[in-house]
Amino acid sequence: MRDVAIVEAPSVLGLRPTGVEDLAPALLGAGLAEALAAQPAGRVEPPPYDPRRDAATGVLNPDGIAAYSAQLADAVGAVLDGGRFPLVLGGDCSVLLGALLALRRRDRHGLLFLDGHTDFYQPEAEPAGEAASMELALATGRGPRPLADLEGRGPLVRDEDVVALGFRDAEESAAYGMQPLPDGLHALDLHTVRALGAGEAARRAVGLLTGSGGGAGYWVHLDVDVLDDAVMPAVDYRLPDGLSWQELETVLGTALAGDGAAGLTVTIFNPRLDPGGTIARRLTGCLLRAFGVPR
């Protein structure tokens, strides 16, 4: 059982105020912290949301995201320094930048990126300028410097230290003109995961991350829209198909089983689209089983 500390990161600076800012209260209300025996490690409040697209970068709230990432990195770093496992509850996917910045301040790490979308847009191809559709590109050093070069540290993670798993947006991203994933980044799309089986795909992903030379482990990022739209409709950008609950549990459980995982972000779940709380309870149960807590 990991010694978990929960950091609440209710930022929607990379998206818009749709309800994903309420993710943490929904999962905590479903008993996540108690079942994990997790310590509270603070709530990092974002600066005010600005709906205007920045003229210089083409991104919404670039300065706010950069400042927030540094503050979130401080909170995640304090958890790491205390010997605990940081569980960051978003918010939108741009909170990944703060988590990775905390690791980048310390050592070279990898990233297991679980998302229904590849989130590799450049600003000119992203229709609304949302960093939540760009965070993987930004984390690997691509995009406007204020976000792609946080604290002057360059890429937060190297291409070869990333495994993107479970995405299914190839047709959509091509239609919008998203830049392609680089050759060095390891990509296991939904079709590949299904062909291999979730367990084997997860084992391959962990093998790539632990054998990449990073040496200091990897961060796990979960955007819940990696799940099948039929079982996870409580997201803002829906796509048909996706992983089943059991497949996600298998992938997460494999990723969290050893000593390699350094932390976990959970993002994009929108409780306003789950008025009865059924999906929140199901997601909580999935996370708990992945951590090895029987439910």
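Everything that follows concerns the structure shown earlier in this document.
Take the overall build of the chain next. A count of helices and strands for the chain gives 11 helices and eight strands. By its C-alpha atoms, the chain is 50 × 40 × 40 Å across when sized along the principal axes. Going through the 295 residues of the chain one by one, you find that 59% of them count as buried. Partitioning the contacts of the chain with sequence separation of at least 6, the portion at a separation of at least 24 is 78%. Of the roughly 10,900 Å² of accessible surface on the chain, 50% is carried by carbon and sulfur atoms.

Turning next to the sheet that holds strand S1 (residues 4-8). Taken together, eight strands build an open sheet; the order of strands is S2-S1-S3-S8-S7-S4-S5-S6 and the sheet is parallel. Single-partner strands in this sheet number two, and they are strand S2 (39-43) and strand S6 (186-188). Ignoring strand direction, the axes of neighbouring strands in this sheet form an average angle of 15°. Here three bridges tie S1 to S2, and the two strands are oriented parallel to one another. Across the sheet, Ala5 pairs through a bridge with Gln39, a residue of S2.

What follows deals with the packing of aromatic side chains. One pass over the structure, following the stated rule, counts two aromatic pairs. Arranged with centres 6.3 Å apart and planes meeting at 70°, the rings of Tyr121 and Tyr176 form a pair that is edge-to-face. Taken as a pair, Tyr121 in the loop between strand S4 (110-114) and helix H5 (135-139) and Tyr176 in helix H7 (residues 170-176) lie far apart in primary sequence, 55 residues in all. For Tyr121, a relative accessible area of 7% gives the class buried. Overall, the relative accessible area of 45% leaves Tyr176 in the partly exposed class.

This next bit is on the pattern of salt bridges. Scanning the entire structure with this criterion turns up 21 salt bridges. Taking the shortest distance from any N to any O, the salt bridge between Arg272 and Asp22 comes out at 3.6 Å. Placement of the pair is Arg272 in the loop between strand S8 (261-267) and helix H11 (278-290) and Asp22 in the loop between S1 and helix H1 (23-29), with a sequence separation of 250 residues. The exposure class assigned to Asp22 is partly exposed, which follows from its relative accessible area of 30%. Across the salt bridge formed by Asp159 and Arg142, the nearest N and O atoms sit 2.8 Å from each other. Taken together, the positions of Asp159 in the loop between helix H6 (145-148) and strand S5 (162-165) and Arg142 in the loop between H5 and H6 put the pair 17 residues apart, joining distant regions of the chain. Here the salt bridges do not stand alone but share partners, grouping Asp74, Arg105, Glu151 and Arg153 into one network.

Since the α-helix turns once every 3.6 residues, residues separated by three or four places project in the same direction. The terminal C-alpha atoms of H11 lie 19 Å apart, and with 13 residues this matches the ideal 18 Å at 1.5 Å per residue to within 8%. Burial in H11 covers these residues: Ile279, Ala280, Leu283, Thr284, Gly285, Cys286, Leu287, Leu288 and Ala290. Those residues of H11 hidden inside the fold are in contact with H1, helix H2 (32-36), strand S7 (218-223), helix H10 (245-257) and S8.

Another aspect to go through is the nonpolar core. Membership of the largest hydrophobic core comes to 61 residues, with the highest contact counts inside it found for Leu27, Leu87, Leu222, Leu264, Val266 and Phe269. With seven residues, H11 is the single largest residue contributor to this core. Setting aside residues up to four positions removed in sequence, Leu222 forms contacts with Leu114, Leu248, Leu252, Leu264, Thr265, Val266, Thr267 and Leu287.

What follows is about the pairing of S5. Residue alternation in S5 divides its side chains into two sets, Val162 and Ala164 and Val163 and Leu165, and both sets are buried. Where S4 meets S5, four bridges bridge the pair, whose relative direction is parallel. Across the sheet, residue Leu114 finds its bridge partner in S5, namely Leu165. Where S5 and S6 come together, three bridges link them in parallel fashion. If you follow Val163 over to S6, its bridge partner there is His186.

Glancing now at the environment of Ala66. With respect to the element layout, Ala66 can be found in helix H3 (residues 62-81). The spacing of Ala66 and Arg238 is 172 residues in sequence and 27 Å in space, taken between C-alpha atoms. Apart from the residues within four sequence positions on either side, Ala66 is in contact with Pro146, Leu147 and Leu150.

Glancing now at the side chain of Glu135. Structurally, Glu135 can be placed in helix H5. The side chain of Glu135 sits in the buried core without any salt bridge; Arg16 is the nearest counter-charge, 13 Å away. Contact partners of Glu135, with chain neighbours within four places excluded, come to Cys93, Ser94, Leu96, Leu97, Phe113, Asp115, Asp119 and His221.

About the thresholds
Residues numbered from 1 in each chain as written. Predicted model: local features only at pLDDT ≥ 70, side-chain atom pairs only at ≥ 80, totals over all residues. Heavy atoms only, no water. Helix = DSSP H or I, 4+ residues; strand = E, 2+ residues; numbered from the N terminus. Buried < 20%, exposed > 50% of the residue type's maximum accessible area, 1.4 Å probe, protein only. Contact = heavy atoms within 4.5 Å. Areas by Shrake-Rupley, 256 points an atom, 1.4 Å probe, with all protein chains shown as cover. Pairing = 2+ DSSP bridges. Axes fitted to C-alpha atoms, helices over the stretch in contact; angles between N-to-C directions. Phe/Tyr/Trp six-rings, centres within 6.5 Å; stacked < 30°, edge-to-face > 60°. Salt bridge = Lys/Arg side-chain N within 4 Å of Asp/Glu carboxyl O. Expected span 1.5 Å × (residues − 1). Core = buried A, V, L, I, M, F, W, Y, C linked by side-chain atoms within 4.5 Å. Lys, Arg positive; Asp, Glu negative; His and termini not counted.

None of this, on its own, says anything about what the molecule does.
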